[in-house]
Amino acid sequence: MKKLYKVFITAALCSGVVSCTKAPNGYLSSQIRYPDSPIQIQRGNVVQTDPVNSDGSSAPVTYELLDIRNATTHKHADSVYRPQNHYVFTSIFNPNVDTTIALLNTHRKLVDGPCFDFNIHTGGFTFYQTTANVPLGTYEFDIKATNQNGSKIYKNIGTFTLFDGPAYEIDAGGSAWFQDNTTANGDTGNPLVTIEQLSTTGTLAILKLVDENGVPFNPSKGEIIARGDRSDFETYAKFHPLIASDTSLTCNFEITPFPFQQSAYGYLIYYRIPSQFVKYDAGSTPTADRIYSANPRFAFQLFQQGTYLITVHVPHVTRDPI
């Protein structure tokens, strides 16, 4: 009898547990968050944001972007969703191998879509260069997270701010004279480099080397030549040949940033202006003889699409062909 009594109590306790407490089917936190919010997005640049912090939610968790609104008016952000043409990379691009447009295009596709993509597996955003056409300001957004536990909506979970930053960067350079047919040389100071963004469309870099009076040297007539094994403008022109005119060298750089990849000399561009095309200011070279070439070096990087004029003022020289 005592044995039957114990069996009855055990069964009753088990029955009570089953009927009163149900084991949870996974865990979905109410504290999912974006650790980098407020997210800062420079307009015109490709930006990848951090994933959400799932706060220990049971994997896998999928995310859905519900809405993006202007954070001031709280109205749907039509300009953020407006379709625009842009390239999306579909596989890994190797700039040392994929050096033609045909090869580059095997890794990307042209799409007509909003200025962003939303990753359903990480909750992260990828913003594209077409943010250049979206109004400045702060935007708020909502998401929904789903796992085996169910779904939850997270209203105003984060914000991102579109701001204007520099479209390019100019790094340090230098310049030197070299005596013809010798290794003798001397420093002549840093060239003045200026960059003007002529438009926000296209992918063109127009390079002009000018004397101290702003007179351009003529690339098409050999007034600007490469310096042996040093990097030059063509080193970074991966996909299209340079176009030489009477005043400039033009590169269709195709993708940003440009240069996309450093050479053995960083981003430096080296050129030589032969002695028969250049006259130095008095006292800048050991003698006044026309036996000294000008050798500017300079570096820059473009971060956004557009058409740019890069002007390099070679110091202490005058263009004077003989």
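As recorded in an unreviewed UniProt entry, the protein goes by DUF5007 domain-containing protein and comes from Mucilaginibacter mallensis.

Caption draft 1: Broad picture of empty space enclosed by the protein. Tallying each qualifying case throughout the model produces two cavities of 30 Å³ or more. Its boundaries defined by the atoms lining it, the largest cavity holds a volume of some 50 Å³. Forming the walls of the largest cavity are Tyr236, Ala237, Lys238, Phe239, Cys251, Asn252, Phe253, Ile255, Pro257, Phe258 and Phe260. For the lining of the largest cavity, the residue count by class is nine nonpolar, one polar and one charged. Volume-wise, the second largest cavity comes out at about 40 Å³. Forming the boundary of the second largest cavity are Pro95, Tyr236, Lys238, Pro259, Phe260 and Gln261.

Caption draft 2: Structural detail: the domain arrangement of the protein. On domain assignment, one finds that the protein holds domain 1 (27-163) and domain 2 (168-319). Inter-centroid distance (C-alpha atoms) of domain 1 to domain 2 is 39 Å. Between domain 1 and domain 2, the residue contacts involve 14 residues of the former and eleven residues of the latter. When the two sides are added together, the surface that domain 1 and domain 2 hide from each other amounts to roughly 1100 Å², 52% of it contributed by carbon and sulfur. Together, Pro95, Ile101 and Gln129 form the three largest contributors to the area buried by domain 1 at its contact with domain 2, with a combined 40%. Inspection of the region where domain 1 meets domain 2 yields one salt bridge. Put simply, Glu254 and Arg108 hold a salt bridge, and the shortest N to O gap is 2.7 Å. Taken together, the links from domain 1 to domain 2 amount to five residue pairs in polar contact (both at pLDDT 80 or more). Here the residues of the side of domain 1 that touches domain 2 are counted per class, giving four nonpolar, seven polar and three charged.

Caption draft 3: Structural detail: the pattern of salt bridges. Considering all chains together, one arrives at nine salt bridges under this definition. Across the pair Arg69 and Glu140 runs a salt bridge whose closest N-O atoms are separated by 3.0 Å. Of the two residues, Arg69 sits in strand β3 (residues 62-70) while Glu140 sits in strand β8 (residues 137-147), which places them 71 residues apart along the sequence. Neither Arg69 nor Glu140 differs from the other in exposure class; each is buried. A salt bridge links Lys155 to Asp142, with the shortest nitrogen-to-oxygen separation between them at 3.4 Å.

Caption draft 4: The pairing of strand β9 (residues 150-163), seen in detail. In the sheet, strand β1 (residues 39-42) pairs with β9 via four bridges, with the strands oriented parallel. Across the sheet, the residue bridging to Gln40 is Thr161, located in β9. Two strands pair when backbone bridges link them, and β8 and β9 are joined in this way by ten bridges, in the antiparallel orientation. By the bridge assignment, Gly137 is partnered in β9 with Leu162. Counted between consecutive antiparallel strands, the loop separating β8 from β9 contains two residues.

Caption draft 5: Region of the structure containing the layout of surface pockets. Each pocket or cavity is described by its volume, and for the largest pocket that value is around 800 Å³. Val46, Tyr87, Gln129, Thr256 and Gln305 are the residues nearest the centre of the largest pocket, which is lined by 29 residues in total. The element best represented in the lining of the largest pocket is strand β4 (residues 84-89), accounting for six residues. Tallied by class, the residues present in the lining of the largest pocket amount to ten nonpolar, 17 polar and two charged. Both domains that furnish three or more residues to the lining of the largest pocket are identified here as domain 1 (27-163) and domain 2 (168-319).

Caption draft 6: Local environment of the packing of aromatic side chains. A full pass over the atoms with the stated rule returns 20 aromatic pairs. When the ring of Phe116 is compared with that of Phe127, the centres are 6.5 Å apart and the planes differ by 50°; the resulting orientation is tilted. In this pair, Phe116 is assigned in strand β6 (residues 116-118) and Phe127 in strand β7 (residues 125-127), connecting sequence segments eleven residues apart. Residue Phe116 shares its accessibility class with Phe127, and that shared class is buried. Three or more aromatic residues link up through ring pairs in this structure, and these residues are Tyr34, Tyr81, Phe116, Phe118, Phe125, Phe127, Tyr139, Phe141 and Phe160. The lysine or arginine in question, Arg108, covers the ring of Tyr87, its NZ or CZ lying 3.6 Å from the ring centre.

Caption draft 7: A look at the sheet that holds β7. Read across the sheet, three strands follow the order β2-β7-β6 without closing on themselves; strand pairing throughout is antiparallel. Bordering the open sheet on either side are β2 (47-48) and β6, each of which pairs with just one other strand. Bridge count for β2 against β7 is two bridges, and the pairing is antiparallel. Note on β7: the bridge partner recorded for Gln48 is Thr126.

Rules behind the numbers
- Residue positions are given per chain, counting from 1 as you read along its sequence in written order.
- Owing to the predicted nature of the model, reporting of local features is limited to residues with pLDDT of at least 70; listing and counting of side-chain atom pairs is limited to 80 or more, with chain, interface and lining totals taken over all residues.
- Think of the side-chain values as coming from all heavy atoms in the structure, minus any hydrogens and water.
- Two kinds of site are reported from a 1 Å grid over the protein atoms alone, namely cavities, where a 1.4 Å probe fits but cannot get out, and pockets, open sets with protein on both sides within 12 Å along at least five of seven lines, and residues are called lining when an atom falls within 4 Å of a point.
- Grid points are joined across faces, edges and corners, and a volume is the space filled by probe spheres set on the points.
- The residue classification treats Ala, Val, Leu, Ile, Met, Phe, Trp, Tyr, Cys and Pro as nonpolar and Asp, Glu, Lys and Arg as charged. All others, Gly included, are polar.
- Where each domain begins and ends follows an automated or database-derived domain assignment.
- Contacts are assigned to residue pairs with any non-hydrogen atoms lying within 4.5 Å of each other.
- When two parts are put together, the accessible area they lose, computed with a 1.4 Å probe and summed over both, is reported as buried area.
- Each reported salt bridge corresponds to a side-chain nitrogen of Lys or Arg within 4 Å of a carboxyl oxygen of Asp or Glu.
- Any pair of N or O atoms that falls within 3.5 Å is considered a polar contact. Within protein, one atom must be able to donate a hydrogen and the other to accept it, and sequence-neighbouring residues count only if both atoms are side-chain atoms.
- Strands here are runs of E lasting at least two residues and helices are runs of H or I lasting at least four, both read from the DSSP assignment and numbered beginning at the N terminus.
- Only protein chains enter the accessibility calculation, which uses a 1.4 Å probe; a residue is then buried when its area is under 20% of its type maximum, exposed when over 50%, and partly exposed in between.
- For two strands to pair, DSSP has to find at least two bridges joining them.
- Pairs were defined over the aromatic rings of Phe, Tyr and Trp, the Trp ring being its six-membered one, requiring ring centres within 6.5 Å. Orientation was assigned from the angle between planes: stacked under 30 degrees, edge-to-face over 60, tilted for the rest.
- Sitting over a ring, as applied to charges here, requires NZ of Lys or CZ of Arg to be within 6 Å of the ring centre and within 35 degrees of the ring normal.

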